[in-house]
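Secondary and tertiary structure notes
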Amino acid sequence: MRRVVVTGIGLVSSLGNGTSQTWDALLAGTSGVTRVTRFDVSAYAAQIAAEVKGFDPLQFVEKKEVKKMDLFIQYAIAASQFAMDDSKLQVTDENATEVGAFIGSGIGGFSTIEREHSALLEGGPRKISPFFIPSAIINLAAGQVSIRFGAKGPNLATATACSASAHAVGESFEIIRRGDADAMIAGGSEAAITPMSIGGFAALRALSTRNDDPSRASRPFDKDRDGFIIGEGAGVVILEELEFAKRRGAPIYAEIVGYGLTGDAFHMTAPSEDGDGGRRVMAMALRKAGVRPEDVDYINAHGTSTFYNDKLETLAIKRCFGDHAAKLAISSTKSMTGHLLGGAGGLEAGITALAVYHQIAPPTINLDNPDPECDLDYVPHTSRRMPIRYALSNSFGFGGTNAALLFKRYEP
């Protein structure tokens, strides 16, 4: 079976425009959550979010092209550029058909949809931009990335809610393993800090309303958690077949060795009450990799800071790992980045690969009063240097869609 490695990582988040800025802020336990600045939130129950700050699309996209791309596409291009530069992968006439793009998103061009709907109501159909559809639809992130780099291999997108970009990375892993490509630009992007989005998630009572204390609002596994924080940004990894990467002397962060995907078949928004979907998805990733539960050292949890997710993910980990669960280091980096929805899995795949490479587990911040039902080691407050040979990254989405990615420290 062909082996697959991570050779480049590109991150855009509320912690920084670039991989090193995001990683350094994570290790320092920095929160990216602030009051929303994009629009007036005074009438909203939830008034805080993890916005990307200081992003300039003109660093990545020509001025005339910006209006053709929703912000989620711009973030995807930026993260892909960071990842490609990091990997030093060059797409040429000789290898173009062996390089693909797979970018997931949960919602896609929400701000474009809202803007163009307002234009329709105010001025009629003639006021709708000709760029509306290609700016808003989810697969245009992968489409624009493939165009930018000339990648003529598989060109795909996923829209599996908050598992979307973890599925994109996992499916890219499978594409390379079965020989349909030698390299994939894989991950996800989201830019859903908009009036309708925040209003809609608040109507679900899913968001934190700790408006007066933004940096402490995202508190996964804490008994005082009151909902998640919408984040935005993108995470992209370059996956390559090992020999393809070695021939060009590529840097290697980690090897991806397992991928699981399951469905809860339980509820449209809540996880199954026994954590079975989460248990099965982690077990599948381990089984397909031939890895024993006791060999795993670290889990980057889905960890949304919502009541049901955190306690049921904890239960799923206990059921999957048994006695070894108490020995795992587990952290939710959403405590700092917020929840990127469909972009979360891509961001967290990159973070998990960095944790394996640097042998450091990022912390879960704001874990001041652990929930008695969340009684594992969540690396509270401070990052931890530790041996990490195998690490999992979990993503669970509305509709009961789950993904787990298993990374291994690369051993030549």
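Remember, predicted model here, so these are calculated numbers, not experimental data.

This brings us to helix H6 (residues 140-149). Each full turn of the α-helix corresponds to 3.6 residues, which orients residues three or four apart in the same direction. Burial runs high along H6: eight of the 10 residues are buried. In this structure, the buried residues of H6 make contact with helix H3 (71-87), strand S5 (99-104), helix H5 (132-136), strand S6 (155-156) and strand S7 (183-190). At the exit of H6 stands Gly150, carrying a positive phi of roughly 70°.

Attention now goes to the environment of Val12. Tracing the backbone through its elements, the reader meets Val12 in strand S1 (residues 4-13). The class of Val12 is buried, set by a relative accessible area of 0%. In this structure the C-alpha to C-alpha distance between Val12 and Asp222, which are 210 residues apart in sequence, comes to 27 Å. Once you skip the residues sitting within four places of it in the chain, Val12 turns out to touch Asn17, Val52, Tyr75, Ala78, Ala79, Phe82, Glu232, Gly233 and Ala234.

Applying the stated rule across the entire model yields 28 salt bridges. The partner of Asp295 in a salt bridge is Arg292, and the shortest N-O contact between them spans 3.0 Å. Assessed through its relative accessible area of 21%, Asp295 is described here as partly exposed. On the accessibility criterion, Arg292 (46% relative accessible area) is partly exposed.

Approximately 600 Å³ is the volume found for the largest pocket. Considering the residues around the largest pocket, the lining is formed by 35 residues, among which Thr269, Pro271, Thr306, Asn309 and Phe398 are closest to the centre. Where the lining of the largest pocket is concerned, the elements lending two or more residues are helix H10 (276-289), helix H11 (307-321) and strand S14 (390-397). Residue contributions to the lining of the largest pocket peak at six residues, all from H11. Per-class residue counts for the lining of the largest pocket are 14 nonpolar, 16 polar and five charged. Roughly 190 Å³ of volume is contained in the second largest pocket. In this structure, the second largest pocket is lined by Arg38, Phe39, Leu71, Ser111, Glu114, Arg115, Ala191, Ala192, Ile193, Thr194, Pro195 and Glu232. Examining the composition of the lining of the second largest pocket, we find that three residues originate from one element, helix H4 (residues 110-123), more than from any other. Residues that form the lining of the second largest pocket fall into these classes: six nonpolar, two polar and four charged.

Attention now goes to the environment of Ala250. Take Ala250: it is sitting in the loop between helix H9 (242-247) and strand S9 (254-263). Residues Ala250 and Thr7, spaced 243 residues apart in sequence, show a C-alpha to C-alpha distance of 6.3 Å. Discounting residues that sit within four places of it in the chain, Ala250 has contacts with Thr7, Ser87, Glu240 and Ala245.

Attention shifts here to the packing of aromatic side chains. Aromatic rings considered in pairs are described by the distance between their centres and by the relative angle of their planes. Applying the stated criterion across every chain, the model contains nine aromatic pairs. Relative to Phe60, the ring of Phe55 has its centre 5.7 Å away and its plane inclined at 10°; by these criteria the two rings are stacked. Take Phe55 and Phe60: they sit in the same class, and that class is buried. Three or more aromatic residues joined by ring pairs form one cluster here, namely Phe55, Phe60, Tyr75 and Phe82. The side chain of Arg148 reaches across the aromatic face of Phe149, ending 5.9 Å from its centre.

Cut-offs applied
Residues numbered from 1 in each chain as written. Predicted model: local features only at pLDDT ≥ 70, side-chain atom pairs only at ≥ 80, totals over all residues. Heavy atoms only, no water. Buried < 20%, exposed > 50% of the residue type's maximum accessible area, 1.4 Å probe, protein only. Helix = DSSP H or I, 4+ residues; strand = E, 2+ residues; numbered from the N terminus. Contact = heavy atoms within 4.5 Å. Salt bridge = Lys/Arg side-chain N within 4 Å of Asp/Glu carboxyl O. 1 Å grid on protein atoms, 1.4 Å probe; cavity = no way out; pocket = protein on both sides within 12 Å on 5 of 7 lines; lining within 4 Å. Points joined across faces, edges and corners; volume = space filled by probe spheres on them. Nonpolar A, V, L, I, M, F, W, Y, C, P; charged D, E, K, R; others polar. Phe/Tyr/Trp six-rings, centres within 6.5 Å; stacked < 30°, edge-to-face > 60°. Lys NZ or Arg CZ within 6 Å of the ring centre and 35° of its normal.

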